[in-house]
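Structural overview
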Amino acid sequence: MTAGTRGAYRAYARLVLETMPEESRVGLTLGFVRTFGIPDIARVLAATGRMTNEPRGRAKATGVAMFTLIGKGLDSEDGRRVVDGLRRVHDRPGITPELMHYVLACFTVCPLRFIDAHGHRAVTEAERDAAYLFHLSLADALDMPELSSLDGELAGEATGGAIGGVAGGVVGDAAGADGLAGVERWMRDYETRHFAPTDAGRALWAATSKGLLAARLPAPLAPLASVFAASLLDRPLREALTVRRPPAPVRALVTYALRARARRRAA
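All of these numbers come straight from a predicted model, not from anything done at the bench.

Helix and strand counts for the chain come out as 16 helices and 0 strands. Taken as a whole, the chain presents about 11900 Å² of accessible surface, with 53% of it coming from carbon and sulfur.

What follows is the structure in structure tokens.
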């Protein structure tokens, strides 16, 4: 990494840290929740006990790490410390490079999805490209192998061979073949193949929806956090976590509350 790399994703840093920080935090939380639908990830998270006993503390640590990397840069002193910590945490049996790619995809894609759906404006192409560059840079810093080497032709088709292997070419290959759209396409395919209900996933959702997401929702929605939080899940994730779809009036109220907040912040 060079000192100039951070400048390439400065637009992404401004978006998540300054322009729409609250939406970014909610989106990052939803990205974390999304990993519960993958049985191997759910089992690892549930086995530690921290996510079910201290969901806010565990999620806060993840958020602090990600926003430090985005705000200060991967090649800053703090950034290098966070990267070293991530390597240690994920250097354990059962955590494969493919799982790490999926988690990183969730942390990159889900905040932008939430901003597009509930922010006061959509993510710009410049911000999306900058997010993709950050994604590539972090994968490179963690020495993650190319997805094409993990999934063969399937990953190669989904990503255009653009993910991973970015040393020496991060800035020059700004959007790769498909950019962030390729990451999201691979992510959806991975979910199609691997999403499945587990006891661990259900336990993680129960702890998170009551404890963590309540703190991320507008105050009027917090007392009914579980049902309102379920309104933020799409069908594949609801099925993986065996969560019932809330009634239409509840979903409409959640959408209204989030859009009202976005309009207040934009004013």
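Moving on from the coordinates now.
Enumeration over the complete set of coordinates arrives at 16 salt bridges. The shortest N-O distance in the salt bridge between E127 and R121 comes to 2.7 Å. In this structure, the salt-bridge partner of R202 is D199, at a minimum N-O distance of 2.6 Å. Pair noted here: R202 and D199 are both in helix α13 (residues 199-216), with a separation of 3 residues, about one helical turn. Residue classification places R202 among the partly exposed residues on the basis of a relative accessible area of 32%. When its relative accessible area of 59% is taken as the criterion, D199 is described as exposed. The network of salt bridges with shared partners includes R34, E191 and D234.

As a further point, take the packing of aromatic side chains. Using the criterion set out here, one finds 6 aromatic pairs in the structure. Both rings, one in Y12 and one in F134, keep their centres 5.6 Å apart while their planes meet at 45°; by these two values the pair is tilted. One end of the pair, Y12, is in helix α2 (residues 10-19); the other, F134, is in helix α9 (residues 125-141), and 122 residues separate them in sequence. Both residues of the pair, Y12 and F134, count as buried. The rings of Y9, Y12 and F134 are connected pair by pair, giving a single aromatic cluster.

Here we take up the packing of helix α3 (residues 21-34) against helix α8 (residues 97-118). Between α3 and α8, whose axes approach to 7 Å, the crossing angle comes to 135°. Between α3 and α8, the crossing angle belongs to the class labelled oblique. Crossing of α3 against α8: the hand is right-handed. Contacts between α3 and α8 involve E23, S24, V26, G27, L28, L30, G31, F32 and R34 from the former and Y102, C106, F107, C110, P111, R113, F114, I115 and H118 from the latter.

Right, let's talk about the nonpolar core for a bit. One finds Y12, Y102, F134 and L138 to be the most contacted residues of the largest nonpolar core, which totals 72 residues. Per-element tally for this core: the top contributor is α8, with 12 residues. Those residues in contact with F134 that lie beyond four places of it in its chain are Y9, Y12, M66, L69, I70 and L74.

Cut-offs and rules
- Throughout, a residue's number is its position along its own chain's written sequence, starting from 1.
- Only residues with pLDDT of at least 70 are given local features in this predicted model, and only at 80 or more are side-chain atom pairs given and counted; all residues enter the totals for whole chains, interfaces and linings.
- Values shown for side chains rest on all heavy atoms present in the structure; no hydrogens or waters enter the calculation.
- For helices the rule is a DSSP run of H or I covering at least 4 residues; for strands it is a run of E covering at least 2, with both sets numbered from the N terminus onward.
- Areas reported here follow the Shrake-Rupley algorithm with a probe of radius 1.4 Å; residue values treat only the protein chains shown as occluding.
- Here, a salt bridge means any Lys or Arg side-chain nitrogen found within 4 Å of an Asp or Glu carboxyl oxygen.
- Relative accessibility thresholds used throughout: buried, under 20% of the residue-type maximum; exposed, over 50%; partly exposed, between the two (1.4 Å probe, protein chains only).
- Two rings belonging to Phe, Tyr or Trp (six-membered ring only in the last case) form a pair when the distance between their centres is within 6.5 Å. Interplanar angles under 30 degrees mark stacking, angles over 60 mark edge-to-face geometry, and anything in between is tilted.
- Orientation is described by lines fitted to C-alpha atoms, with helices fitted over the stretch in contact, and by angles between N-to-C directions that extend from 0 to 180 degrees.
- Every angle not falling under 35 degrees, over 145, or within 65 to 115 is termed oblique; those three ranges are roughly parallel, roughly antiparallel and roughly perpendicular.
- In a left-handed crossing the near helix is turned counterclockwise from the far helix by less than a right angle, and in a right-handed crossing that turn is clockwise.
- In this analysis, two residues are considered to be in contact whenever any of their non-hydrogen atoms come within 4.5 Å of each other.
- For this analysis, a nonpolar core means a set of buried residues of the types Ala, Val, Leu, Ile, Met, Phe, Trp, Tyr and Cys, connected via side-chain atoms within 4.5 Å.

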